[in-house]
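These are the residues of each chain, in order.
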Amino acid sequence: MRRRTEKRTEKRIEKRIEKRIEKTGKGRKLLCVVLSLLFLLTALSGCGKDGSERSDLNYHLAASPVTVDPQLVTDTNAGNVVSFFVSTLYKYDKDRKLVPGCAESYEVSEDKLTVTFHLKKNLKWSDGSALTAEDFVYAFRRLADPDTKSGSVYLITDCCMVNNADKVSEGTLPPSELGVSAPDHDTFVIELQKPCPFITALVASPTLGPCSQSFVQSCGDDYCTSADTILSSGAFKVDRYEPLATQIHMSKNENYYDADQVTLEGINIQIITDAQQAMMCYEAGEMDVIRVTGATVELAEGDPELTVFSQASVAFLDMNFGSDSPLQNRNLRLALAKSIDRDSIVKNVVRAGAQSLTRINPPGYYYEASGKDIAEDPDKYKDLTSYDPAKAKEYWEQGLKEIGKSSVELSLCCYSNAQSICEALKQEMEKALPGLTINIVVWSTKDWLQHGTEGEGYDLIYGGWAVDYTDPTSFYGRYSAEQAEGNKYMNPDFEKVYQGLVLAEGQERDELLEKAEDILMNDMAQIPIYTNGLDVLIKPNVKNLMFAPTGVQVVCEGLEKEVK
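Keep in mind it's a predicted model, so treat the numbers as computed, not measured.

Asks: Could you clarify how one ought to interpret the overall build of the protein in this entry?
Replies: Regarding its fold elements, the protein presents 19 helices and 19 strands. Expressed as a percentage of the 564 residues in the protein, the buried residues total 55%. In the protein, the proportion of contacts linking residues at least 24 apart, taken out of those at least 6 apart, comes to 70%. As displayed, the protein offers around 24,100 Å² of accessible surface, 47% of which is attributable to carbon and sulfur atoms.

Asks: Sorry, what's going on with the pairing of strand 14 (residues 408-415) here?
Replies: Where a strand is regular, its side chains alternate between the two sheet faces. Taken across its eight residues, strand 14 has six buried, putting it largely inside the fold. As paired strands, strand 14 and strand 15 (residues 436-443) are joined by eight bridges and run parallel to one another. By the bridge assignment, Leu410 is partnered in strand 15 with Ile438. Remark: the strand 14/helix 15 (residues 419-432)/strand 15 crossover connection has right-handed handedness. Taken together, the two bridges between strand 14 and strand 16 (residues 460-466) define a ladder with parallel strand orientation. The residue of strand 16 that forms the bridge with Leu412 is Leu460.

Asks: Hey, could you run me through the confidence of the model for the protein in this one?
Replies: Caution is warranted with low-pLDDT regions, since their predicted coordinates should not be read in detail. Scored by pLDDT, the protein comes out at a mean of 88, with 87% of its residues at no less than 70. This stretch, residues 1-6, has a pLDDT under 50; its non-local contacts, to residues over four places away or in other chains, come to eight contacts. Note on residues 27-35: pLDDT under 50 across the span, and 13 contacts to partners over four residues away in sequence or across chains.

Asks: Hey, could you run me through the side chain of Thr116 in this one?
Replies: By secondary structure assignment, the location of Thr116 is in strand 5 (residues 114-119). Once residues lying within four places of it in the same chain are set aside, the contact partners of Thr116 are Ser105, Tyr106, Glu107, Thr187, Phe188 and Val189.

Asks: For this particular structure, what's the right way to read the environment of Ile527?
Replies: As for its placement among the helices and strands, Ile527 is situated in strand 17 (residues 526-538). Taking the relative accessible area as the measure of exposure, Ile527 reaches 0% and is therefore buried. Setting aside chain neighbours within four positions, we find Ile527 in contact with Phe316, Leu317, Met319, Arg333, Leu336, Ala337, Ile340 and Arg342.

Asks: I would appreciate a short explanation of the side chain of Asp288 in the present structure.
Replies: Following the sequence through the fold, Asp288 ends up in the loop between helix 9 (275-283) and strand 11 (289-291). One polar contact links Asp288 to Lys561, side chain to side chain, over a distance of 2.9 Å.

Asks: Help me understand the pattern of salt bridges in this model?
Replies: Working definition: two side chains of opposite charge can pair if their charged atoms are close together. Here the structure, examined in full by the defined rule, presents 16 salt bridges. When the shortest N-O distance is used, the salt bridge between Lys561 and Asp288 registers 2.9 Å. Remark: Asp288 occurs in the loop between helix 9 and strand 11 and Lys561 occurs in strand 19 (residues 560-561); sequence separation between them is 273 residues. On the basis of relative accessibility, which here comes to 5%, the residue Asp288 falls in the buried class. Between Glu430 and Lys426 there is a salt bridge; the shortest N-O distance is 2.9 Å. Taken together, the residues Glu430 and Lys426, both in helix 15 and four residues apart, mark about one turn of the helix. We classify Glu430 as partly exposed; its relative accessible area is 27%.

Asks: Teacher, can you tell me more about the pairing of strand 10 (residues 266-271) here?
Replies: Most of strand 10 sits inside the fold, with six of its six residues counted as buried. Every second residue of strand 10 is oriented toward a common face, with Gly266, Asn268 and Gln270 on one face and Ile267, Ile269 and Ile271 on the other, all of them buried. Two elements, strand 1 (residues 57-61) and strand 10, share five bridges in a ladder whose sense is parallel. Bridged to His60 within strand 10 is Gln270. Here strand 9 (residues 247-252) pairs with strand 10 via five bridges, running antiparallel. Looking at strand 10, one finds that Ser251 is bridged to Gly266.

Asks: Explain the packing of helix 12 (residues 342-350) against helix 15 here, please?
Replies: Packed helices, taken two at a time, are described by the angle between their axes plus the distance between the axes. With their axes 10 Å apart at the nearest point, helix 12 and helix 15 run at an angle of 145° to one another. Crossing of helix 12 against helix 15: the hand is right-handed. Residue-level inspection shows Ser344, Ile345, Val349 and Val350 of helix 12 in contact with helix 15, the latter providing Ser420, Ile421, Ala424, Leu425 and Glu428. Each residue belonging to the contact of helix 12 with helix 15 can be placed in one class, and the counts come to six nonpolar, two polar and one charged.

Asks: Is there a simple way to explain the nonpolar core in this structure?
Replies: Among soluble globular proteins, nonpolar side chains are generally buried collectively. The biggest cluster of nonpolar side chains holds 88 residues, and the ones touching the most others in it are Tyr59, Phe117, Ile156, Phe188, Met250 and Ile269. It is helix 4 (residues 133-144) that provides the largest number of residues to this core, a total of eight residues.

Asks: Sorry, what's going on with helix 11 (residues 330-338) here?
Replies: Residues separated by three or four positions in an α-helix point in the same direction, a consequence of the helix having 3.6 residues per turn. Among the nine residues of helix 11, eight are classified as buried, and the element is accordingly described as predominantly covered. Inspection of helix 11 places Asn331, Leu332, Arg333, Leu334, Ala335, Leu336, Ala337 and Lys338 among the buried residues, and these make up the whole buried set. Two to three positions downstream of the cap, the backbone nitrogen of Asn331 sits 3.0 Å from a side-chain oxygen, assigning the N-cap of helix 11 to Asn329.

Asks: Got a minute to help me understand the sheet that holds strand 6 (residues 180-184) in this structure?
Replies: Across a sheet, paired strands are connected by hydrogen bonds in the backbone, their directions being either parallel or antiparallel. Read from one edge to the other, the open sheet built from four strands follows the order 4-5-7-6, with strand pairing classed as antiparallel. Since the sheet does not close on itself, it has two edges, and those belong to strand 4 (103-108) and strand 6, each with one partner. Within this sheet the neighbouring strands show an average axis-to-axis angle of 20°, counted without direction. Here strand 5 runs beside strand 7 (residues 187-191); their pairing, made up of five bridges, is antiparallel. For Phe117, the partnering residue across the bridge sits in strand 7 and is Phe188. Along the sheet, helix 4 makes contact with strand 5, strand 6 and strand 7, crossing strand 6 at roughly 170°.

Asks: Help me understand the state of the cysteines, please; the structure alone is not making it clear to me.
Replies: One way to say it: the disulfide is the covalent bond shared by the sulfur atoms of two cysteines. All chains considered together, the criterion is met by one disulfide. Cys219 forms no disulfide, and the closest cysteine sulfur to it belongs to Cys224, at a distance of 7.7 Å. Free cysteine Cys422: the closest other cysteine sulfur is in Cys414, separated by 3.3 Å.

Asks: Please explain unusual backbone geometry as it appears in this structure.
Replies: The general pattern is negative phi for most residues beyond glycine and trans for most peptide bonds. Although it is not a glycine, Arg96 sits at a positive phi angle of roughly 65°. Structurally, the position occupied by Arg96 is in the loop between strand 2 (90-92) and strand 3 (98-100). When its relative accessible area of 12% is taken as the criterion, Arg96 is described as buried. One non-glycine residue, Met524, adopts positive backbone phi at about 50°.

So, how was this worked out
- Residues numbered from 1 in each chain as written.
- Predicted model: local features only at pLDDT ≥ 70, side-chain atom pairs only at ≥ 80, totals over all residues.
- Heavy atoms only, no water.
- Helix = DSSP H or I, 4+ residues; strand = E, 2+ residues; numbered from the N terminus.
- Buried < 20%, exposed > 50% of the residue type's maximum accessible area, 1.4 Å probe, protein only.
- Contact = heavy atoms within 4.5 Å.
- Areas by Shrake-Rupley, 256 points an atom, 1.4 Å probe, with all protein chains shown as cover.
- Pairing = 2+ DSSP bridges.
- Right-handed = clockwise from strand over helix to strand, strands pointing away.
- pLDDT = per-residue confidence, 0-100.
- Polar contact = N/O pair within 3.5 Å; in protein donor to acceptor, adjacent residues only side chain to side chain.
- Salt bridge = Lys/Arg side-chain N within 4 Å of Asp/Glu carboxyl O.
- Axes fitted to C-alpha atoms, helices over the stretch in contact; angles between N-to-C directions.
- Left-handed = near helix turned anticlockwise from the far one by under 90°.
- Nonpolar A, V, L, I, M, F, W, Y, C, P; charged D, E, K, R; others polar.
- Core = buried A, V, L, I, M, F, W, Y, C linked by side-chain atoms within 4.5 Å.
- Disulfide = S-S within 2.5 Å.

Here you go:
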């Protein structure tokens, strides 16, 4: 029987190769890929299908989550897992719009410093016990507690500044002093140091989902290390899990408040680190959903089963605006921006799910009060950023004249995984701009983060940013006075607009958000390169799969799998 499966899989792969060779003519390269894939037929036993005929979704992850403790989650893979079993005050629906989750409604005080969430009645944990506002209070306190050692505490110290969150996280105040409370079982109150107009987007993060104090304390150090030590508030409950395991299984949580909208009986998460092996498992019918990366992207291109989900994640060049930097000159910045052939870099270097980006905001993640996508016009700043070597050279020569130099030497710093992209950027910019020398400096991720934050050791730095909450301020904040210690950017006009965003609402706020991007782009504070997308192969019998704009959470309601 297995040999028959292997033969069918081999035929599917051969058909993919034939189509791609016919379309692109890249026979030799794809032949290498197919040989690797066919070799992996011997590894099909590692696909790990559980043999069940239920409507379980066989879902692929590229790496094991380091932890599934919601307050400790910092990576995408862990976020994917946690989103299946954690509910939140607000959530994303199938249209990627924010809607009430555990909350029935919310209200903001006149001074905008107190946010009160009213919970749905009779919320329950997966064990049937009552889920109350006290569970949200404990979750926020646990996140802020320095003993928790969470890498996500910035959500309440920096993104939305909860009262005393900074002091609690530093250990100068106890967690009980954090600005959260529960006047009754169905009311959760957040007190803020300053207004947070995107609070509903922030509390959609699973990290800010509820946490049962009695359950955590009963588990001790074993909390979230096995199925027995995980309590679910979400659409599914975990019934098989071990840290760094290759499989995680979940079953439908009948006590979930929206269980009637959950049609899947279970989720079978399979961790397959090799992209080619994941493709083989998909072709063999052992996987229903896989993320396509690496060499397999080319095989999947044009496949009717391929869906590309946009996400609020971008790659860019940041600049050091320090007093001794030649990049204080705007014409030099414009020259660099217009010397980059983004389409070529995306097509030949980045490939997986990426699209060229010539503005700060990517499409499909933030919709204004009118319903308009803030980035509906991808070419809004085309005159400033589109590839134009002749115009780039013109800006360059004018900039050199203004700073009194005939040549400029710049350092371009990146982390090791981005070296090939930085090499391509160096080639593009040096080719278009006479007298430019770029020296690439490769740092470890730790050093890259440190130097980027301190603003030392670089002129240009290649970076990526994925939003923690779906609001443009997540992209803009890096250029505000509060956070610009790294790039040393300062523009009084931008700062005035940025601070105005705190109090503005509705159409007025949307106009300020657009104006903030106008200022940053006209100033060329950042050189955008591309936006990331999720390339996902989905079996035809899987319906309504949707990812939140953050690219992390899966929308469980309405997701279904037709059993053949």
